[in-house]
Amino acid sequence: MRLLIFFGLFWSLQAQNKQLLYGFEDIPQQLLLNPGTNVDYRAYIGFPLLSNINFNIGMSGVSTFDLFAKDGIDFNEKLRAIVSSLDAQDFFGFNQQIEFFSAGIRLKTSLEESLFLSFGMYQESDVFFYFPEDFVDLAYEGNYNNLNRYFNLSDLSFNSEVLSVFHVGINKKINSKWTVGMRGKVYSSIVQASSTQNQGFFTTEQGTGNTLKHVFDLDMKLQTSGLSIFEDTTNLNRLDVLKKRILLGGDLGLGFDVGFTYQPRPEWTIDASLQDIGAINYNTDPKTYILDEYLEYEGINPEFPEFASSQNAQNYWDVISDSFDELFEIDSTLSSYTKWRPIKLNSSVSYNFGKKIDKYCNCLDTSDTSYQNRVGAHLFAMKRPKHIQWAFSAFYYRKLLKGLQLKTTYTVDSYSFKNIGLGIATSLGPVQFFVMADNLLEYQNLAKSQSVSLQLGFNYKFKNNEN
Amino acid sequence: MKKSIQIRSLVTILFIFFINSSCIKGVDFEQAESIILKPITELSLIYTSLDAPDFLDEFGLEFPSITDSVILEVLSDDFLNEYLVRADLVIEVTNSLNKDFEIQMEFYDNSNALQHTFPVLIENSVSNSPIIVEHIEVFTDSSLEALKASNRLDFKLLLLSSPTGSVLTNSSLGAILFKSKVIFYFEITE
């Protein structure tokens, strides 16, 4: 039951899309989304552990409220209605990130050309699974009234991982139109478990010898790495092991991000990035569990001892019993395996307008002469085991005051068609604080929301001398 | 400048306040305590097909009965014991032998004590055309408890004499087909 409440929490809360941060050039952490973004500051240092805290959770198809509303309707009726409304394409996602440290510095300073180096380390947790429709239906209804229905084992598909990422990026402004960037990453996986390649089915059909025939075609695989320290309860060094894994002592992988910003004219900006093109090799504690069997079963065919002395139904049953034992026998291997990181695409087109111009020429005025407004459209896409998760946002960015920038987004995605988000970056001297949240319309009652994301952080920014 | 700082602080604080003011209303997570799943599962049980010579001994004489025992481990399963609320044993017999039968299904526990039994009478087919007999044995309450206590099923076929029936010989026409399945009704709660 606790599991259900846990699921319930999942129902309330989007995953991985950071539409508010992407393109928010005042915030250094957006370099993690596009290494080829415009950078107009000299350097920055993130406040350790506080520079970027991000939490993102969501589910397609249903909200917590749908299930747990205090509405007097029988809980089991609601659960049944929800279960029947969800299908195998519906999914649950949770993502959390916390930056341990980050910093960046301009190596070559000139307005036309510049080279900006940034680096840091963050920890990330990602859980993603599809609604296992056929498994749930089988648990709910059984196979009775489901004659000839194929219960697909591929409906079980999930991926979960906790890892730390060390990264170094280089951002180069080539000329007034082009900025490009790349970020190299070293992944250190702390724990990982996934089962994304399941195949086969279970079905009950009309038999030939007997009324019914059951067909089991099982082809399932579960891969885990790093879990054995949790199995061994006597292990007192668990925390030390985890600390070591965070600091490059886990399963290691390599990857990179690439991105660009193109400004054909000062008012127009086109940018795009690809994140996490890379893979992790799991070899410290890898386990692969395989279930690969086929069985057709019609029942027990008795062998009456009166005329068949050699065998009776019991012998026959023993054979069947053995084949059932074999059917569910799981083979496990300890060989290492490699998995791709989930690749992400971000891209946007935007129009800048409204330059701040003083009526009188004032050579001493140091106020911002850049565009104060920006409107645009943003596309996010991410590779998931069975589909491409996408989101499309329209956004408006505004420099409200010196040191106060706002960005608001309207997002359409698998979770919702009415997701409005707001991000604020504010500076007090060199200290910058930002906070962003989406699904604001649902904040009056989070339970009605299918997804929620929240992101905040503190940075110490060194302004560009030439600005 | 001072005013600008005030406005900035105010906007930021208001936004944070707004986020913090979010809440989860009108929901009751305790409801999950009462969740019930009611799957119905059907499973093939025993099947056989016998013709006349199967009922005769080496001298060509009829056996009075033939019996086989099946150990049903599944009945002593904890899951089944806890959540099974009803079971139907569905039997379908097709007889084209000119012979009457009584099928006896006997359920025994660990100490060989009879827990439950029921007969199914099968009429003879004078013209060897198939006669279909269906029987559904429903296990609820005390009979369900008896079923849960059992771990062995004796499947008995008794050969009966009747005015229109014949004595089976090696050349008797027809066959008897026995098919069965069990339907388990579960109510799974925490």
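Residues numbered from 1 in each chain as written. Chains lettered and ligands numbered in written order. Predicted model: local features only at pLDDT ≥ 70, side-chain atom pairs only at ≥ 80, totals over all residues. Heavy atoms only, no water.

Peer 1: Go over the pairing of strand 8 (residues 199–206) of chain A, please, and point to the residues and values.
Peer 2: A regular strand places its side chains on the two faces of the sheet in alternate fashion. All names here are of chain A. By the bridge criterion, two bridges tie strand 5 (residues 151–152) to strand 8 in an arrangement that is antiparallel. If you follow Asn 152 over to strand 8, its bridge partner there is Phe 201. Turn length for the strand 8-strand 9 (residues 212–225) hairpin, with the two strands adjacent in sequence and antiparallel, is five residues. (Pairing = 2+ DSSP bridges. Helix = DSSP H or I, 4+ residues; strand = E, 2+ residues; numbered from the N terminus.)

Peer 1: So what's going on with the confidence of the model for chain A? Residues and values would help.
Peer 2: Averaged over every residue, the pLDDT of chain A is 85; the share at 70 or more is 88%. Here residues 1–14 of chain A scores under 50 on pLDDT; set against residues more than four positions off or in separate chains, the count is 55 contacts. (pLDDT = per-residue confidence, 0-100. Contact = heavy atoms within 4.5 Å.)

Peer 1: How would you sum up the packing of aromatic side chains? Please name residues and give values.
Peer 2: All names here are of chain A. As enumerated under the stated definition, the model contains 26 aromatic pairs over all chains in all. Consider the rings of Trp 178 and Phe 260, whose centres lie 5.8 Å apart with planes at 45 degrees: the pair is tilted. Taken as a pair, Trp 178 in strand 7 (residues 178–195) and Phe 260 in strand 10 (residues 251–265) lie far apart in primary sequence, 82 residues in all. A residue is classified by how much of its surface remains accessible, and Trp 178, at 35% relative accessible area, is partly exposed. Judged by its relative accessible area of 28%, Phe 260 falls in the partly exposed class. (Phe/Tyr/Trp six-rings, centres within 6.5 Å; stacked < 30°, edge-to-face > 60°. Buried < 20%, exposed > 50% of the residue type's maximum accessible area, 1.4 Å probe, protein only.)

Peer 1: Residue-level account of the nonpolar core, with values.
Peer 2: The biggest cluster of nonpolar side chains holds 56 residues, and the ones touching the most others in it are Phe55(B), Leu89(B), Ile103(B), Met105(B), Leu157(B) and Ile176(B). Apart from the residues within four sequence positions on either side, Met105(B) is in contact with Leu89(B), Ile91(B), His116(B), Thr117(B), Phe118(B), Leu153(B), Asp154(B), Phe155(B) and Phe178(B). In terms of nonpolar packing, the next biggest core, distinct from the first, is built from 17 residues, Phe68(A), Phe129(A), Phe131(A) and Ile35(B) among them. (Core = buried A, V, L, I, M, F, W, Y, C linked by side-chain atoms within 4.5 Å.)

Peer 1: Report on the side chain of Gln192(A), specifying residues and quantitative values.
Peer 2: Residues and elements named next belong to chain A. Relative to the elements of secondary structure, Gln 192 occurs in strand 7. Within the structure, Gln 192 has its side chain in polar contact with the side chain of Ser 194 (distance 3.2 Å). Aside from chain neighbours lying at most four places away, what touches Gln 192 is Asn 159, Ser 160, Glu 161, Gln 223, Thr 224, Ser 225, Tyr 282, Tyr 337 and Lys 339. (Polar contact = N/O pair within 3.5 Å; in protein donor to acceptor, adjacent residues only side chain to side chain.)

Peer 1: Summarise the sheet that holds strand 9 (residues 175–186) of chain B; cite the residues concerned and give the values.
Peer 2: The strands making up a sheet are joined through hydrogen bonds of the backbone, oriented either antiparallel or parallel. Residue and element names in this part refer to chain B. Strand order in the open sheet formed by four strands is 2-9-4-7, and the pairing between neighbours is antiparallel. Lying at the two open borders of the sheet, with one neighbouring strand each, are strand 2 (40–51) and strand 7 (131–139). Across the sheet, the axes of successive neighbouring strands diverge by a mean angle of 15 degrees, strand direction being ignored. Here strand 4 (residues 84–95) runs beside strand 7; their pairing, made up of nine bridges, is antiparallel. (Axes fitted to C-alpha atoms, helices over the stretch in contact; angles between N-to-C directions.)

Peer 1: Break down the packing of helix 3 (residues 75–85) of chain A against helix 4 (residues 133–141) of chain A for me, citing the residues and quoting the values.
Peer 2: Residues and elements named next belong to chain A. Across the interface, helix 3 lies against helix 4 with an axial gap of 11 Å and an inter-helix angle of 145 degrees. Here the hand of the crossing between helix 3 and helix 4 comes out left-handed. Residues Asn 76, Leu 79, Arg 80 and Val 83 of helix 3 touch helix 4, and the partners they reach there are Val 136, Asp 137 and Tyr 140. A breakdown of the residues in the contact of helix 3 with helix 4 according to their chemical character gives four nonpolar, one polar and two charged. (Left-handed = near helix turned anticlockwise from the far one by under 90°. Nonpolar A, V, L, I, M, F, W, Y, C, P; charged D, E, K, R; others polar.)

Peer 1: Go over the interface of chain B and chain A with me, naming the residues and quoting the values.
Peer 2: Facing 54 residues of chain B, the contacting portion of chain A comprises 68 residues. Around 5,400 Å² of area is buried between chain B and chain A when both sides are counted, 64% of it from carbon and sulfur atoms. Together, Arg8(B), Phe15(B) and Tyr47(B) form the three largest contributors to the area buried by chain B at its contact with chain A, with a combined 14%. Taken together, the connections running from chain B to chain A amount to zero salt bridges. Those elements giving two or more residues to the side of chain B that touches chain A turn out to be helix 1 (2–20), strand 1 (36–37), strand 2, strand 3 (65–71), strand 8 (152–160) and strand 9 of chain B. (Buried area = accessible area lost by both parts, 1.4 Å probe. Salt bridge = Lys/Arg side-chain N within 4 Å of Asp/Glu carboxyl O.)

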